[in-house]
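Listed below, chain by chain, are the residues.
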Amino acid sequence: MMSMRPEKDNRKETRREKPKKEFEELLLEVRRVTRVTTWGRRLSFRATILVWNKKGKIGLGISKGNDVASAVQKASHEAYKNLFEVPLTKHNTVPYPISMKYKACLVKLLPASEGTWLKAGSSIRSVLELAGYSNILSKMVGSNNKLNNALATIRALASYKHADYFSSLKTVKVEEKEVEEVAEVKEEKAPAKKAPAKKAPAKAEKVEKAEKAEKVEKKAPAKKAPAKKTAAKKAPAKKAADKED
């Protein structure tokens, strides 16, 4: 009798293929950390994970857990929450140079021409490579801490302004110029108004009045001052010694 069970080859064909994930994950660092409490030291693990799709989207997640598996799982969830889009040019480089400082780390990113390739080290290289950059120059100054350098690079990429921002600035300037031109045309078409006669300032009037008063005083005859009477001088009294003589 023939068995009704399907063959093994048919089973393999009927299996569903797993859908490919849009984003990929990279475990940057796992470190054991301690926290001192009144009951002693409490050990835990800190995981740092990068999530990317090589099309301009990247995210970084950091989390702690009692074991490595829980820390990695929490960090991956945080990385998906922190996804953002980075600016990419035609040559897969940054649009303009930028520098970012985070704690003791200073990261500088410079645009490069096609064929330069990726020149970076430490965790900066992994962040830039996963973000989709292939031609870029970078400089790392200060600390060699992987976590801080990765955070500084992520902040530098997040601080870039996209082309939409600059295009909006151009449109605003064009609109302002159009408004100014319309205002100038209206002013030219409007009839010229006669300017009202200006009044003499108050100070000039006071000066004129003072000059007239001086002229009147000069024309009037000067009054003679009364003569003062001279007091008669008394003869000095003779001394008693002269009288005796």
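Right, let's walk through the structure included here. Chains are numbered independently. Their residues run from 1 in the order of the written sequence. Local features are withheld for residues below a pLDDT of 70 in this predicted model, meaning they are given only at 70 or higher, and side-chain atom pairs are given and counted only at 80 or more; totals for whole chains, interfaces and linings count all residues. Think of the side-chain values as coming from all heavy atoms in the structure, minus any hydrogens and water.

Some words on the overall build of the chain
In step 1: A helix here means a DSSP run of H or I that spans at least four residues, while a strand means a run of E at least two residues long, and both kinds are numbered starting from the N terminus. Across its full length, the chain carries 7 helices and 8 strands.
In step 2: Categorising residues by exposure relies on relative accessible area from a 1.4 Å probe, with only protein chains included: less than 20% of the type maximum marks a residue as buried, more than 50% marks it as exposed, and the intermediate range marks it as partly exposed. Split into buried and exposed, the 245 residues of the chain put 24% on the buried side.
In step 3: Here a residue-residue contact requires only that any non-hydrogen atoms of the pair lie within 4.5 Å. Looking at the chain alone, contacts between residues at least 24 apart form 56% of all its contacts between residues at least 6 apart.
In step 4: Entry remark: accessible area of the chain is about 20,700 Å², with carbon and sulfur atoms responsible for 54%. With residues, only the protein chains shown are counted as cover, and all accessible areas are computed by Shrake-Rupley using a 1.4 Å probe.

Quick word on a negative patch on the surface
In step 1: A grouping of Glu-175, Glu-176, Glu-178, Glu-180, Glu-181, Glu-184, Glu-187 and Glu-188 is seen on the molecular surface, where their side chains present a negatively charged patch.
In step 2: Along the chain, the position of Glu-188 falls in helix α5 (residues 163–189).
In step 3: Exposure remark for Glu-188: the relative accessible area of 69% places this residue in the exposed category. Any residue with relative accessible area above 30% and no salt bridge may belong to a patch, with like charges joined within 9 Å and the nonpolar Val, Leu, Ile, Met, Phe, Trp and Tyr side chains within 5 Å. Here a salt bridge means any side-chain nitrogen of Lys or Arg lying within 4 Å of a carboxyl oxygen belonging to Asp or Glu. Under the counting rule used here, the positive set is Lys and Arg, the negative set is Asp and Glu, and His together with the chain ends is not counted. Charge placement uses NZ in Lys and CZ in Arg. For Asp and Glu, CG and CD serve respectively.

A word on the sheet that holds strand β8 (residues 136–142)
In step 1: Taken in spatial order, the 4 strands make up an open sheet running β5-β6-β8-β7, and their pairing is mixed. A strand with exactly one partner marks an edge of an open sheet, and here the two such strands are β5 (98–102) and β7 (118–119).
In step 2: Helix α3 (residues 122–131) contacts β6 (105–111), β7 and β8 of the sheet and is inclined by roughly 150° relative to β8.
In step 3: On the sheet, helix α4 (residues 146–158) packs against β5, β6 and β8 and is oriented at approximately 135° with respect to β5. Strand pairing follows a simple DSSP-based rule, namely that at least 2 bridges must link the two strands. Geometry is summarised by axes, namely lines fitted to C-alpha atoms with helices restricted to the contacting stretch, and by angles between N-to-C directions that run from 0 to 180 degrees.

Quick look at the pairing of β6
In step 1: Taken together, the 5 bridges between β5 and β6 define a ladder with antiparallel strand orientation. By the bridge assignment for β6, Tyr-102 is matched with Cys-105.
In step 2: The turn linking β5 back onto β6 is made up of 2 residues, and Lys-103 within it adopts a positive phi angle of 55°.
In step 3: As judged from the 7 bridges shared by β6 and β8, these two strands associate in the antiparallel manner. Counterpart to Leu-106 in the pairing with β8 is Val-141.

Here's the deal with a nonpolar patch on the surface
In step 1: Together, Leu-27, Val-30 and Val-68 line one region of the surface with nonpolar side chains, adding up to about 220 Å² of accessible area.
In step 2: Here Val-68 lies in helix α2 (residues 68–81).
In step 3: Judged by relative accessible area, which is 37%, Val-68 ranks as partly exposed.

Examining the nonpolar core
In step 1: Buried Ala, Val, Leu, Ile, Met, Phe, Trp, Tyr and Cys residues form a nonpolar core when they are joined through side-chain atoms within 4.5 Å. Ile-58, Leu-109, Leu-128, Tyr-133 and Leu-157 are the most contacted members of the largest nonpolar core, which totals 28 residues.
In step 2: Looking at this core, the elements with two or more residues in it are β2 (40–52), β3 (57–65), β5, β6, α3 and α4.
In step 3: No other element matches the 7 residues that α4 contributes to this core.
In step 4: If we ignore the near neighbours within four places in the chain, the residues touching Leu-109 are Tyr-96, Pro-97, Ile-98, Leu-128, Ile-136, Leu-137, Ser-138, Ala-156, Leu-157 and Tyr-160.
In step 5: Core analysis: the second largest hydrophobic core is formed by 7 residues, Ala-47, Ala-71, Ala-75 and Ala-79 among them.

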